[in-house]
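What the coordinates show
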Amino acid sequence: MTSQRTRDRLVMRLRDEGIRDRDVLDVMRNIPRHLFVDEALASRAYEDTALPIGYNQTISQPYIVAAMTELVIANRPAKILEVGTGSGYQAAVLSGLVDKIYTVERIAPLLTLARQRFRRLGLRNIRAIHSDGTVGWPDFAPYDAIIVTAGSEHIPDALLHQLAPNGRLIIPVGRRDRQRLTMVTRKGDAFEQEDLDPVTFVPLLRGQT
Ligand code: SAH
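A short tour of the structure in this document, coming up.

Cut-offs and rules
- Residues numbered from 1 in each chain as written.
- Predicted model: local features only at pLDDT ≥ 70, side-chain atom pairs only at ≥ 80, totals over all residues.
- Heavy atoms only, no water.
- 1 Å grid on protein atoms, 1.4 Å probe; cavity = no way out; pocket = protein on both sides within 12 Å on 5 of 7 lines; lining within 4 Å.
- Points joined across faces, edges and corners; volume = space filled by probe spheres on them.
- Helix = DSSP H or I, 4+ residues; strand = E, 2+ residues; numbered from the N terminus.
- Nonpolar A, V, L, I, M, F, W, Y, C, P; charged D, E, K, R; others polar.
- Phe/Tyr/Trp six-rings, centres within 6.5 Å; stacked < 30°, edge-to-face > 60°.
- Lys NZ or Arg CZ within 6 Å of the ring centre and 35° of its normal.
- Near = heavy atom within 4 Å.
- Polar contact = N/O pair within 3.5 Å; in protein donor to acceptor, adjacent residues only side chain to side chain.
- Areas by Shrake-Rupley, 256 points an atom, 1.4 Å probe, with all protein chains shown as cover.
- Sits in = over half its atoms within 2 Å of the grid points.
- Salt bridge = Lys/Arg side-chain N within 4 Å of Asp/Glu carboxyl O.
- Buried < 20%, exposed > 50% of the residue type's maximum accessible area, 1.4 Å probe, protein only.
- Contact = heavy atoms within 4.5 Å.
- Arc of directions from axis to C-beta.

What follows is about the layout of surface pockets. By volume, the largest pocket amounts to about 460 Å³. If you trace the largest pocket, you find 35 residues lining it, with Thr 58, Gly 84, Thr 149, Ala 150 and Val 202 closest to the centre. Listing elements by their share of the lining of the largest pocket, those giving two or more residues are strand S2 (57-59), helix H3 (62-73), strand S3 (79-83), helix H4 (89-95) and strand S4 (100-105). Among the elements that make up the lining of the largest pocket, the one with the highest residue count is S2 (3 residues). By residue class, the composition of the lining of the largest pocket is 16 nonpolar, 15 polar and 4 charged.

Before going further, it helps to spend a moment on the packing of aromatic side chains. Per the counting criterion, the structure on display carries 5 aromatic pairs. Every member of this aromatic cluster is reached through a ring pair, and the members are Tyr 102, Trp 137, Phe 140 and Tyr 143. Between Arg 33 and the ring centre of Tyr 89, over which it is positioned, the NZ or CZ distance is 5.7 Å.

It is worth spelling out the site of the ligand at this point. The ligand sits among 25 residues. The nearest are Ser 87, Glu 105, Asp 132, Gly 133 and Leu 205. The backbone of Gln 90 places a nitrogen or oxygen atom 3.0 Å from an oxygen atom of the ligand. A distance of 3.1 Å separates a nitrogen atom of the ligand from a polar side-chain atom of Thr 149. When the free accessible area of the ligand is taken as 580 Å², the share hidden by the protein chains comes to 99%. The cavity that encloses the ligand is the largest pocket. For the shell around the ligand, the secondary-structure elements that each account for two or more residues are S2, H4 and S4. Broken down by element, the shell around the ligand gets its largest block of residues, 3 residues, from S2. A per-class count over the shell around the ligand returns 9 nonpolar, 12 polar and 4 charged.

In this section: the pattern of salt bridges. This structure, assessed with the given rule, holds 4 salt bridges. One salt bridge connects Arg 13 with Glu 17, and the closest N-O pair in it is separated by 3.3 Å. A relative accessible area of 43% places Arg 13 in the partly exposed class. For Glu 17, a relative accessible area of 34% puts it in the partly exposed group. Close ionic contact of Glu 47 with Arg 44 constitutes a salt bridge, the shortest N to O distance being 3.2 Å.

Next up on the list: the environment of Leu 196. You can see Leu 196 is positioned in strand S9 (residues 190-199). Considering only alpha carbons, one finds Leu 196 and Arg 178, 18 residues apart in sequence, at a separation of 13 Å. Apart from residues no more than four positions distant in its own chain, Leu 196 is found in contact with Leu 71, Arg 180, Leu 181 and Met 183.

What follows concerns helix H2 (residues 22-30). Residues of H2 that are buried include every one of Val 24, Leu 25, Val 27 and Met 28, and no others. Looking down the long axis of H2, one finds its buried residues gathered within 165° of arc, a one-sided arrangement. Exposed residues pointing more than 90 degrees away from the buried face of H2 are listed as Arg 22 and Asn 30. Among the residues of H2, the N-terminal cap falls to Asp 21, whose side-chain oxygen and the backbone nitrogen of Asp 23 are separated by 2.9 Å.

The structure is reproduced here in structure tokens:
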């Protein structure tokens, strides 16, 4: 149920659904998603669905992880910020594709678990902190790309300001039950916005717990 074969099958399905980037498919073939959910759910880890990870949060659906990863790595970023570490799965996928990942989570116990998974898998290029990601992570800015894995009514200004020139921000924008995946590209002092597919993410909340 958690074997390489089930992972291969998931990747074939992602390819059928339109994921083209071979590097993204290869990384997702290798990362054991079952280690990012509770043992009781491990047998469902290679279904293409979001799953609960406690604290009212979810690990995103593999298709969405793959699609957002394609968007994020398209302009070959070296340094990425993720807001919403959650299980750590998205960060682990990115870890195989870029030099350095910074990831921020507002729920402390989720961050602790994610860090244990990074250590267990030997993913040494991920730096994770317990903090409110709506203010970004100024210490290491600017970032070539920023990915927000929670839905927000507005695009936080701080994230725009932490983008490097030509950097892109991928963020689900909209109301609590439905958002639109949005891509913002920094062009000098201007920001170009493109609205992409409809998505449903858990909400981006301010503050930390
Ligand atoms: N990328 C995650 C998806 C997690 S769901 C994964 O691969 O599993 C979204 C996560 O965003 C939740 O863990 C939630 O606690 C977190 N979150 C919500 N608002 C946040 C904020 N302001 N700062 C940091 N994390 C936040």
